Amino acid sequence: MRRIQIVTGHYGSGKTEYAVNLALSLAAAGHNTTLADLDIVNPYFRSYEQTARLEAAGVKVIVTSCGGAADIPALNPAVLSIFQNDNQSGVLDIGGDPIGARVLARFAPQLAGQDFDLLYVLNANRPETNDPDKALAYLQGIERECKQKATGIVNNTHLCRETTLDQVLKGARLAQSLAQRTGLPIVAHAVERRFAAQAADLLPEAIFPMDIYMKKPWEIGICD
């Protein structure tokens, strides 16, 4: 895994859930980890909402210049520390659409020569990315706006609490089709922990087990 992991994908793809779980897994493995919430377009399901959990696990969290108290299109200059400190693992959660991905273009000079992955999180249940043509067009839009090329695909197909293993496998088929078209590797199938063992038996690529932290307000305390 490269030192900097940049996570993007369509709104509702589960990119923020993946970013939070990835940061926690890196910290658990002993890495000095920072998560930067750079999604300054979408006010819902922001990774900074999990700041207490992340910091308790040893993850440093960087949010907007208002410390997450208000959603404004502003960047925290502390993000630069991720590019400057070679002893730090960075997870960047960027906007979930081509417009939101523009924020990454701001850091093009800092990314030059850096060891990073740009991961496209794919949910086959999103209408905008539910077939290979649409998934490819959306990926290309993100690449065009952020002025970087994706390096891998993460299948994170889900239906929130209605997710089944069949949904995961449906997403795997779409991810495999997109991988064939683009030449990009499937980095992982991100699945709820309860499906991880079964998915590992059925899919050739890596499985990334996830816990669900990003919940709707009415799910908190009910679906835990």
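Rules used in this analysis
Once a new chain begins, its residue numbering starts again from 1 and follows that chain's sequence as written. In keeping with the predicted nature of the model, local features appear solely for residues at pLDDT of at least 70, side-chain atom pairs appear and are counted solely at 80 or more, and the whole-chain, interface and lining totals rest on all residues. Computation of side-chain values: all heavy atoms of the structure, hydrogens and water removed. Burial classes follow relative accessibility: with a 1.4 Å probe on protein chains only, a residue under 20% of its type's maximum area counts as buried, one over 50% as exposed, and anything between as partly exposed. The numbering of helices and of strands both runs from the N terminus, where a helix is a DSSP run of H or I of at least 4 residues and a strand a run of E of at least 2. In this analysis, strands are considered paired if DSSP registers two or more bridges between them. Here a pair means two rings of Phe, Tyr or Trp (six-membered ring of Trp) with centres within 6.5 Å. Their orientation is stacked below 30 degrees between planes, edge-to-face above 60, and tilted elsewhere. By definition in these notes, contact holds between two residues if any of their heavy atoms fall within 4.5 Å.

A. Spatial organisation of the pairing of strand β4 (residues 89-94). Of all the six residues making up β4, six are buried; the element is thus mostly covered by neighbouring parts of the structure. Of the two faces of β4, the one holding S89, V91 and D93 and the one holding G90, L92 and I94 are both buried throughout. Taken together, the four bridges between strand β1 (residues 4-9) and β4 define a ladder with parallel strand orientation. The partner of I6 across the bridge, within β4, is L92. With six bridges joining them, strand β2 (residues 33-38) and β4 adopt parallel strand pairing. In the sheet register, A36 faces β4, and the bridge partner there is L92.

B. The packing of aromatic side chains, seen in detail. Scanning the entire structure with this criterion turns up two aromatic pairs. Considering the side-chain rings of Y18 and F208, the 5.2 Å spacing of their centres and the 70 degrees angle between planes classify their relative orientation as edge-to-face. Of this pair, Y18 sits in helix α1 (residues 15-28) while F208 sits in strand β8 (residues 207-210), placing them 190 residues apart in sequence. Taking relative accessible area as the criterion, Y18 reaches 2% and is therefore assigned buried.

C. A look at unusual backbone geometry. If you check the backbone angles, K147 has positive phi at about 60 degrees while not being a glycine. Locating K147 in the fold gives a position in the loop between α6 (132-146) and β6 (152-155). The backbone of C160 sits at a positive phi, close to 50 degrees, despite the residue not being glycine. Inspection of the secondary structure assignment puts C160 in the loop between β6 and α7 (165-182). Look at C160 and you get partly exposed, because its relative accessible area is 39%.

D. Summary view of the environment of V168. By the secondary structure assignment, V168 is in helix α7. A C-alpha to C-alpha distance of 9.9 Å links V168 and L203, two positions 35 residues apart in sequence. Those residues within four positions of V168 in sequence are excluded, and the remaining contacts are N155, T157, T163, V191, F195 and L203.

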